[in-house]
Amino acid sequence: MAKVKIGIIGAGGIANNHAHYYRQITDVELVAVADIVEERAVSFAQRWGIPPEGVFTDYIKMLDSVELDAVSVCTPHAVHAKPTIEALKRGVHALVEKPMASSGAEALEMLRAAKASGKILMVGFQTRWSPELGAARKIVASGALGRIYYAEATLGGRRRGIPGSPTFVKRELAGGGVLLDLGCYAIDNLMFVLGHPRPLTISATVEAAIGKQREAVVEGGWPWNPEEFEVEDFVAAFIRFEGGLTMVLKESWAMHADALGSSFILGTKGGLRLSPLEVYRDEWGYMTNTTLKLPQVDIYRERIRSFVEAVKRGGPSPIDPREIVVEMFIIDAIYESARKGREVEVKLPSEVLG
Ligand SMILES: NC(=O)c1ccc[n+]([C@@H]2O[C@H](COP(=O)([O-])OP(=O)(O)OC[C@H]3O[C@@H](n4cnc5c(N)ncnc54)[C@H](O)[C@@H]3O)[C@@H](O)[C@H]2O)c1
């Protein structure tokens, strides 16, 4: 195959990370970029060696006029679905940033577009290449922890860490707040480790507890504009899965506490905690704690490398997009439960069942 030709849609913060790793692969060429803010597209192109004829303010024009093998979609959450679908429709593989979209319905449309085109749809959860998560998944699958009956999912929460950019806090761009930004990782991490159990019902709450407060102190975080804050900064959810497993999800961008703890899993024969990975068991008549020494991996490099390899092979996606559609329906049900103030069912589409 000739060089893999890549286009970037959305030339903000994370797009630079994509470009950095694409540039490290010799048979990849960055050929185009599109951003609605022209100066961003132009300076991004200059920084990453994209020729002037590859600079666009409209991604449709980019897709229609440049020959591309794949795109990275690095726009705000509520602008993930459309560019991804438009790329797939034109036979272009798509790597889309997390969260997959701002709703389950959008995620499903993306999945359908991928199926119709036969092209790769990969949601860029770099954490899937974390040695710690990989080891935890293996340990759970081995049965060494017995029947898993309970899990907690969190990245630990931030005492003060509301993103300053409208990309994350204006509803029309972000679609939601900390649940979509960080909660999507907490959910994907544990769904991956637990082997993607099927969610049944959810009871949840979301709060805009601190984000709208003009007097809130900002120390050790980024300044944000309370007038622009339109989403939640806290979420807590209780999720029931098939087979009796239950999970608590909690995440925060801002709170009056130091931390929310870390993710852990309880089984009848053992348990484990993530970050750092520690396994708890009864062995040889003792209660043992095992800390695993795992190799260091640049997970951002691995996600781009794996995507490019998949493009060269013609698929499949290194991350099955159906798994992430399920997670988007979990997120939808969390918002629905919070809105209704009661438990709701997770209604999964037939495309992700079985
Ligand atoms: N994987 C990670 O570690 C990671 C880290 C940061 C952000 N992200 C994700 O990446 C996405 C972007 O985040 P960011 O921090 O780079 O945001 P950002 O605000 O820095 O960049 C977004 C860019 O998209 C552009 N844009 C908006 N609408 C557009 C459109 N219709 N067409 C073309 N360009 C458009 C904006 O002008 C902006 O330049 C978010 O979904 C975020 O959750 C992932």
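Fair warning: this is a prediction, and the values are worked out from it, not measured in the lab.

Undergrad: In this structure, what is going on with the side chain of E327? I would like to understand it.
TA: Counting through the fold element by element, E327 comes out in helix α11 (residues 321–340). Salt bridges are absent for the buried E327, whose nearest opposite-charge side chain, R128, sits at 4.2 Å. Beyond its immediate chain neighbours, meaning those up to four positions away, E327 contacts F125, R128, C184, I187, D188, M191 and H196.

Undergrad: What is the right way to read the sheet that holds strand β14 (residues 286–291) from this model?
TA: Through backbone hydrogen bonds, the strands of a sheet pair up, either in parallel or in antiparallel fashion. The sheet built from nine strands is open, its strands ordered β14-β13-β12-β11-β7-β10-β9-β8-β15 with mixed pairing. Of all strands in the sheet, those with a lone pairing partner are β14 and β15 (344–345), marking the two edges. Most of the contacts of helix α9 (residues 178–193) go to strand β10 (residues 246–252), to which it runs at about 150°, and overall it touches β7 (148–153), β9 (234–241), β10 and β11 (264–267). The strands touched by α11 are β8 (199–207), β9, β10 and β15; relative to β8, the strand with the most contacts, the crossing angle is about 55°.

Undergrad: Looking at this structure, I do not really get the pairing of β14. What am I missing?
TA: Walk down a regular strand and you will see the side chains alternate between the two sheet faces. Inspection of the sheet shows strand β13 (residues 278–283) paired to β14 by six bridges, in the antiparallel sense. Opposite E283, over in β14, you have Y286 as the bridge partner. As consecutive antiparallel partners, β13 and β14 are separated by two residues, and within that stretch W284 has a phi angle of approximately 55°, a positive value.

Undergrad: Where do I start with the packing of aromatic side chains in this structure?
TA: We describe a pair of aromatic rings using the distance from one ring centre to the other and the angle between the two ring planes. Summed over the entire model, instances satisfying the criterion amount to four aromatic pairs. Aromatic pair F44 and W48: ring centres 6.4 Å apart, planes at 50°, arrangement tilted. With a gap of four residues between them, F44 and W48 both fall in helix α2 (residues 38–48), about one helical turn apart. Side by side, F44 and W48 carry an identical accessibility label, which is buried. Consider the rings of Y150 and F264, whose centres lie 6.1 Å apart with planes at 50°: the pair is tilted. Placement of the pair is Y150 in strand β7 and F264 in strand β11, with a sequence separation of 114 residues. F264 sits in the buried class, given a relative accessible area of 17%.

Undergrad: What am I meant to see in the domain arrangement of the protein chain here?
TA: Often, the extent of an interface is quoted as the loss of accessible area upon association of its parts. Its domain assignment divides the protein chain into domain 1 (4–125 + 299–316) and domain 2 (127–297 + 330–345). Across the contact, 17 residues belong to domain 1 and 18 residues belong to domain 2. Of the roughly 1,500 Å² buried between domain 1 and domain 2 on both sides combined, carbon and sulfur atoms contribute 66%. On inspection of domain 1 and its partner domain 2, the count reaches one salt bridge. K98 is paired through a salt bridge with D181; the nearest N and O atoms lie 2.8 Å apart. Mapped by element, the contributors of at least two residues to the side of domain 1 that touches domain 2 are α5 (104–117) and α10 (299–313).

Undergrad: When you look at helix α4 (residues 81–89) in this model, what are you seeing that I'm missing?
TA: Since one α-helical turn is 3.6 residues long, residues separated by three or four positions face the same way. Most of α4 is tucked away: seven of the nine residues are buried. Contacts from the buried residues of α4 go to β1 (4–9), α3 (59–65), β4 (70–73), β5 (93–96), α5 and β6 (121–123). Note on α4: the residue one or two positions beyond its end, G91, has a positive phi of about 75°.

Undergrad: I tried to follow the site of the ligand on my own but got confused; where do I start?
TA: Taken together, 27 residues lie near the ligand, and D35, R40, K98, T167 and Y300 sit nearest. Between the ligand and the protein, one listed contact pairs an oxygen atom with a side-chain N or O atom of Y300 at 2.6 Å. Residue assignment for the shell around the ligand shows that the elements contributing at least two residues are α1 (13–23), α7 (166–169) and α10. When residues of the shell around the ligand are sorted by domain, at least three fall in each of domain 1 (4–125 + 299–316) and domain 2 (127–297 + 330–345).

Undergrad: Quick question: what am I supposed to make of the packing of α5 against α11 here?
TA: Working note: a packed helix pair is described by the angle between its axes plus the distance between those axes. Look at α5 against α11: their axes get within 8 Å of each other, and the N-to-C directions meet at 165°. By the angle class used here, α5 and α11 are roughly antiparallel. Here the hand of the crossing between α5 and α11 comes out left-handed. Of the residues in α11, those in contact with G104, A105, A107, L108 and L111 of α5 are P321, R322, V325, M328, F329 and D332.

Undergrad: Help me understand the side chain of E86 in this model?
TA: With respect to the helices and strands, E86 occurs in helix α4. By relative accessible area, which is 12% here, E86 ends up buried. Not counting chain neighbours up to four residues away, the residues in contact with E86 comprise Y59, I60 and L63.

Undergrad: Can you walk me through the nonpolar core in this structure?
TA: The tendency in soluble globular proteins is for nonpolar side chains to be buried side by side. Core analysis: the largest hydrophobic core is formed by 118 residues, its most contacted members being Y22, V71, L272 and I334. The element that contributes the greatest number of residues to this core is α9, accounting for twelve residues. Residues contacting V71, with those up to four places away along its chain left out, are G7, I9, M62, L63, A87, V92, H93, A94, L95 and F307.

Analysis parameters
Residues numbered from 1 in each chain as written. Predicted model: local features only at pLDDT ≥ 70, side-chain atom pairs only at ≥ 80, totals over all residues. Heavy atoms only, no water. Helix = DSSP H or I, 4+ residues; strand = E, 2+ residues; numbered from the N terminus. Buried < 20%, exposed > 50% of the residue type's maximum accessible area, 1.4 Å probe, protein only. Lys, Arg positive; Asp, Glu negative; His and termini not counted. Salt bridge = Lys/Arg side-chain N within 4 Å of Asp/Glu carboxyl O. Contact = heavy atoms within 4.5 Å. Pairing = 2+ DSSP bridges. Axes fitted to C-alpha atoms, helices over the stretch in contact; angles between N-to-C directions. Phe/Tyr/Trp six-rings, centres within 6.5 Å; stacked < 30°, edge-to-face > 60°. Domains from an automatic or database assignment. Buried area = accessible area lost by both parts, 1.4 Å probe. Near = heavy atom within 4 Å. Polar contact = N/O pair within 3.5 Å; in protein donor to acceptor, adjacent residues only side chain to side chain. Parallel < 35°, antiparallel > 145°, perpendicular 65-115°, else oblique. Left-handed = near helix turned anticlockwise from the far one by under 90°. Core = buried A, V, L, I, M, F, W, Y, C linked by side-chain atoms within 4.5 Å.

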